[in-house]
Amino acid sequence: MKSLSEIDRVYRFYAKDLTFRAAVVITTRTSRTICGQLQTSPSATVGLSRALSGAALLAAHMSEHQQIGLHFNGDGPIAGVFAEATYEGELRAWCGNPQVDAIRQQMNSTARLDVADAIGKGVLTVVRSVPFEKQPRVSTVPLVTSQIGQDLAWYLEQSAQIPSLISLGVLLAEDGTVQCSGGVMIELMPQSDNAPASPGTTTPNETLINRLEELAAKAPPLSSQIEKATNAEDLLRVYTGEIPLVASDVIHDLNFRCRCSQSRLERSLALLGGHEIDEMVKARKDIEAKCQFCGATYVIKLERIEDLLAEIRTADATRKN
Ligand SMILES: [Zn+2]
């Protein structure tokens, strides 16, 4: 039988009294696949795996056919980390500089670059796509620690005023590949009777948060827990203690899947704008473009680039009138 850490899946839970909802994700194999394709060095492997688990956790409580993209855009040498997840469990990720640890070697240091140093200071942009909405919902918050987990908790607090606890864990094997990877998220539900009874006393939510924070402070590193745990509820129990839980029967497998296509690539080319595309037309050549997530290459024929330019010009003319 395969251990918990080898089956990539999202598990959903609720507190029996509905004070919080929670999710547990295992992303070991997906992280291994993506990092293998991108040939990431160790700190990029950790950063990408954390981001993948974070995206899978945030997607866990969305609705069918919704997807979320997380872009950690900092001034550090990794040059940005991006992870995307759908509610149904399709994941992909990318980073600007997979060989980020080369910087340490240049400095003759053997220590691994910390994820926060690799990402640097900057912003987290969250893009949420909902079916039948033309434009995705985009929000941006400053990175608070650049360690990914706390940045996501901060985003949830800012965007929905909902306190949450997010723990992400990645363990690397000796050869630098992912031994296990996953995450746990607990999100408090909005409470109607959440006012303090009298000044100086705590609200029910505050009492619950204090309890959850106490448990989180005592919890051993999540990566070692993922390796040992035999089921997802045991993993969550480290953070919820004796609070009664209900497991949702909606469970999705998590898989690497890139949804790139010729038409998606052409649409992103159109976003470059008329001037850039005009230059491409002047060059009188087909363009070869590579998907940064999966490495697939697409050829856009010169005739198609000319069509795109004509479409942009027509759209511009309509806007001016
Ligand atoms: Zn692709």
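Anyway, here's the lowdown on the structure attached to this text. (Residues numbered from 1 in each chain as written. Predicted model: local features only at pLDDT ≥ 70, side-chain atom pairs only at ≥ 80, totals over all residues. Heavy atoms only, no water.)

Quick look at the side chain of Ser 49 now. Locating Ser 49 in the fold gives a position in helix α2 (residues 42–60). Here the side chain of Ser 49 touches Thr 45 through a polar contact of 2.7 Å, landing on its backbone oxygen. Excluding anything up to four places from it in sequence, Ser 49 contacts Thr 27, Ser 31, Cys 35, Val 170, Val 178 and Ser 181. (Helix = DSSP H or I, 4+ residues; strand = E, 2+ residues; numbered from the N terminus. Polar contact = N/O pair within 3.5 Å; in protein donor to acceptor, adjacent residues only side chain to side chain. Contact = heavy atoms within 4.5 Å.)

So, about helix α1 (residues 28–38). Within the span of α1, buried status applies to Thr 28, Thr 30, Ser 31, Ile 34, Cys 35 and Leu 38. The arc enclosing the buried residues of α1, seen along the axis, measures out at 165°, which places them on a common side. Among the structural elements, β2 (20–26), α2, β5 (90–95), β9 (178–188) and β12 (255–256) are those in contact with the buried residues of α1. The positive-phi residue at the C-terminal boundary of α1 is Gln 39, with phi of around 50°. (Buried < 20%, exposed > 50% of the residue type's maximum accessible area, 1.4 Å probe, protein only. Arc of directions from axis to C-beta.)

Bringing the pairing of β5 into the picture now. With 6 of its 6 residues buried, β5 lies for the most part within the structure. Residues Glu 90, Arg 92 and Trp 94 of β5 are buried on one face, and the alternating residues Leu 91, Ala 93 and Cys 95, pointing to the opposite face, are buried as well. Relative to β5, strand β4 (residues 81–86) runs antiparallel, the two sharing 5 bridges. Counted as the bridge partner of Ala 85 is Leu 91 from β5. The hairpin turn running from β4 into β5, its antiparallel successor, is 3 residues long, and Gly 89 in that turn takes a positive phi close to 100°. (Pairing = 2+ DSSP bridges.)

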